[in-house]
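In case you want the letters, here they are:
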Amino acid sequence: MNYIANEGTRLLEKGSNSNIAASMSGSLGTVIGVLQVAALAVIIRLFSYDDVNAFTTEKYIIFRDIMVMLLLGFGFLMTFLDKYGLGAVGLTMLFTVLNMECNLIVENVLSGSTQISMDSMINAEFSAAALLISFGALIGRATPIQMCFISILEAIFYAINKVIIVNGLIKAEDVGGTITIHMFGAYFGLACAAALGPQQKESACKNTSSRVSDVFALVGTTLLWVYWPSFVSATETDVPENEMHCLINTIMALIGSTGATFFLTQQLNGGKFDAVHVQNSTLAGGVAIGATARLALGPGVAFLIGLLAGLVSVLGYFYSSPFLEEKFGIYDTCGVGNLHGYPSVLGGLLSILLVYVDIDADFLFHGAGVQSLMQLLAVVATLVMGVVTGYLSTKVTNMIFRYSDEHEDYEDSVWWIDVD
């Protein structure tokens, strides 16, 4: 009798979930379809190929490395959710493509370019990285239609912050995206999570991992770790010295954050390792080093930045996440505030001082003192821009596409066919 009752309940839930997906399919199809038609019309009308002399195979290799990070690294990192693996990997592909389509148009227009090059493709990947960071805060809760709309809006606001504010008006140093990518994506996502409100559904209990899902998430971690130096050095392939600094500094920072993570996680957990810390905080050095990666810091300084970032990230997971949930009702599913938020603030603030190490570098736009001020302004401006636009984007999205209290969160069967 218990089996029959449980099976009946499962079938009712499956039917309810199917009805919810069906009710949203028209809106979801409309958003995806309209974006494809609009992007097609704009690209055909306005854009052309870049000069072939600007192309190098090395730039394609960089593009490929970053795409592995986006689709496999970020995708598998988020498979820690036991019942949301299809959503983690599958929807990552959808949102990445939608965001890149928008960025190719918006960032090129804001930059005054009408040519599609490998550089613009890589810039579109940077935009998608910021979006996937934000997705990490919302995964399992925001519906696909909400995330599609947020993907479009974030592409616009990301480009405005990067092109007009940080690189345009302020002219801060941020070669690896500590400020423009990680900081913006993290606090945009946290603001979105705040706008969704506290998690009050019974299905909140499904926000759990298993041994298998944790192993898949660690696969994502290792992919991100391996390819992160390519991400940071992506724009510097034409300047060997800058590229070398980016690569070595990033590797040293990742080594530092990995060592710091394994040290602190077992200190806080009675001698045992926490998979969440290892999956995420080991990457914190790559987040923090981006703002200063092409400066001639010295390997030791880069290593120190990684150590500090790893420690800050683990402490964030251990103390900050529970605090934000209990006191402010901010449910950050993947803990992006701890992996991307705090380490990016650390890296941005350290850049205020570290620009003095290589103040005569020809890629810095300002002299001593002023450059430090610009680094601080970039941090403040990006935090404000990320929080305000993230919160407003979610509120607007909720008004257009109502957040359903009826479907189960963190459950693939709501959105995917034939999932038990």
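Residues numbered from 1 in each chain as written. Predicted model: local features only at pLDDT ≥ 70, side-chain atom pairs only at ≥ 80, totals over all residues. Heavy atoms only, no water.

*Asks:* Teacher, can you tell me more about the overall build of the protein here?
*Replies:* A count of helical and extended segments in the protein gives 13 helices and two strands. Against the compact-globule benchmark of 22 Å for 420 residues, the protein has a radius of gyration of 21 Å, which places it among compact chains. In the protein, buried positions account for 55% of the 420 residues. For the protein, long-range pairs separated by at least 24 residues make up 83% of all intrachain contacts whose partners lie at least 6 apart in sequence. Accessible surface, the protein: about 17600 Å² in total, of which carbon and sulfur atoms supply 67%. Treating the 17 positive side-chain charges of the protein as one cloud and the 35 negative ones as another, the clouds have centres 7 Å apart. (Helix = DSSP H or I, 4+ residues; strand = E, 2+ residues; numbered from the N terminus. Rg over C-alpha atoms; globule rule 2.2 N^0.38 Å. Buried < 20%, exposed > 50% of the residue type's maximum accessible area, 1.4 Å probe, protein only. Contact = heavy atoms within 4.5 Å. Areas by Shrake-Rupley, 256 points an atom, 1.4 Å probe, with all protein chains shown as cover. Lys, Arg positive; Asp, Glu negative; His and termini not counted. Charge placed at Lys NZ, Arg CZ, Asp CG, Glu CD.)

*Asks:* Got a minute to help me understand the confidence of the model for the protein in this structure?
*Replies:* Regions with low pLDDT should not have their predicted coordinates read in detail. For the protein, mean pLDDT is 92; residues scoring 70 or higher make up 94% of the total. Taken together, the stretch residues 1-15 has pLDDT below 50 and engages in two contacts with residues farther than four places along the chain or on a different chain. (pLDDT = per-residue confidence, 0-100.)

*Asks:* I keep staring at the nonpolar core and nothing clicks. Help me out?
*Replies:* One broad rule of soluble globular proteins: the nonpolar side chains tend to lie buried together. In this structure, W228 and F231 are the most contacted members of the largest nonpolar core, which totals 106 residues. By residue number, the principal contributor to this core is helix α4 (residues 118-138), which donates 13 residues. In this structure, W228 is in contact with M69, H182, T250, L254, L283, G286, V287 and H340, ignoring residues within four places of it in sequence. (Core = buried A, V, L, I, M, F, W, Y, C linked by side-chain atoms within 4.5 Å.)

*Asks:* Mind showing me how you'd approach a nonpolar patch on the surface here?
*Replies:* A cluster of nonpolar side chains, contributed by L349, L373, L376, L377, V380, V384, V388, Y391 and L392, occupies part of the molecular surface with about 740 Å² of accessible area. By residue number, the principal contributor to the nonpolar patch is helix α13 (residues 370-400), which donates eight residues. By the secondary structure assignment, L392 is in helix α13. (Patch = residues over 30% accessible without salt bridge, like charges linked within 9 Å, V, L, I, M, F, W, Y side chains within 5 Å. Salt bridge = Lys/Arg side-chain N within 4 Å of Asp/Glu carboxyl O.)

*Asks:* Is there a simple way to explain the environment of I164 in this structure?
*Replies:* Looking at the secondary structure, you find I164 in helix α5 (residues 144-170). Along the chain, I164 and E325 lie 161 residues apart, while their C-alpha atoms are 34 Å from each other. Ignoring any residue separated from it by four or fewer positions in sequence, one finds I164 in contact with L110, A159 and L169.

*Asks:* Where do I start with the packing of aromatic side chains in this structure?
*Replies:* For any pair of aromatic rings, the description consists of the separation of the ring centres together with the inter-plane angle of the planes. Under the counting rule described, the total for this entry stands at eleven aromatic pairs. Seen in terms of ring centroids, F126 and F231 are 5.1 Å apart; in terms of plane orientation they differ by 70 degrees. Their pairing is edge-to-face. Of this pair, F126 sits in helix α4 while F231 sits in helix α7 (residues 211-232), and the two are 105 residues apart along the sequence. For the pair F126 and F231, one class covers both residues: buried. With a centroid separation of 5.5 Å and an interplanar angle of 70 degrees, the aromatic rings of F149 and F401 are classed as edge-to-face. With F149 in helix α5 and F401 in the segment after α13, this residue pair connects regions lying 252 residues apart in the sequence. The rings of F126, W228 and F231 are connected pair by pair, giving a single aromatic cluster. Its end group placed over the ring of F365, K171 keeps NZ or CZ at 5.9 Å from the ring centre. Taking the ring centre of F363 as reference, the NZ or CZ of R294 above it sits at 4.2 Å. (Phe/Tyr/Trp six-rings, centres within 6.5 Å; stacked < 30°, edge-to-face > 60°. Lys NZ or Arg CZ within 6 Å of the ring centre and 35° of its normal.)

*Asks:* Would you mind showing me how to read the packing of α5 against helix α6 (residues 178-196) here?
*Replies:* If you want to describe how two helices pack, look at the angle between their axes and the distance between the axes. One can describe the packing of α5 onto α6 by two numbers: an axis separation of 11 Å at closest approach and a directional angle of 140 degrees. Our classification of the angle between α5 and α6 gives oblique. Between α5 and α6 the crossing geometry is right-handed. Where α5 approaches α6, its residues Q146, I150, E154, F157, Y158, N161, K162 and V166 are matched on the opposing element by T180, I181, F184, G185, F188, C192 and L196. Across the contact of α5 with α6, the residue classes break down as nine nonpolar, four polar and two charged. (Axes fitted to C-alpha atoms, helices over the stretch in contact; angles between N-to-C directions. Parallel < 35°, antiparallel > 145°, perpendicular 65-115°, else oblique. Left-handed = near helix turned anticlockwise from the far one by under 90°. Nonpolar A, V, L, I, M, F, W, Y, C, P; charged D, E, K, R; others polar.)

*Asks:* I would appreciate a short explanation of the pattern of salt bridges in the present structure.
*Replies:* Two side chains carrying opposite charge are able to pair once their charged atoms lie near each other. Applying the stated criterion across every chain, the model contains six salt bridges. With its nearest N and O atoms 2.9 Å apart, the salt bridge here joins K162 to E107. Taken together, the residues K162 in helix α5 and E107 in helix α3 (residues 85-110) connect sequence positions 55 residues apart. By relative accessible area, E107 is classed as buried at 6%. One network of salt bridges, with partners in common, ties together E173, E236 and R294.

*Asks:* Please explain the state of the cysteines as it appears in this structure.
*Replies:* Throughout this description, disulfide means a covalent bond between two cysteine sulfur atoms. Scanning all chains against the criterion turns up zero disulfides. Counting only cysteine sulfurs, C148 is the nearest neighbor of C192, a cysteine outside any disulfide, at a range of 14 Å. Looking at C192, the relative accessible area reads 0%, which means it is buried. C334 forms no disulfide, and the closest cysteine sulfur to it belongs to C192, at a distance of 14 Å. (Disulfide = S-S within 2.5 Å.)

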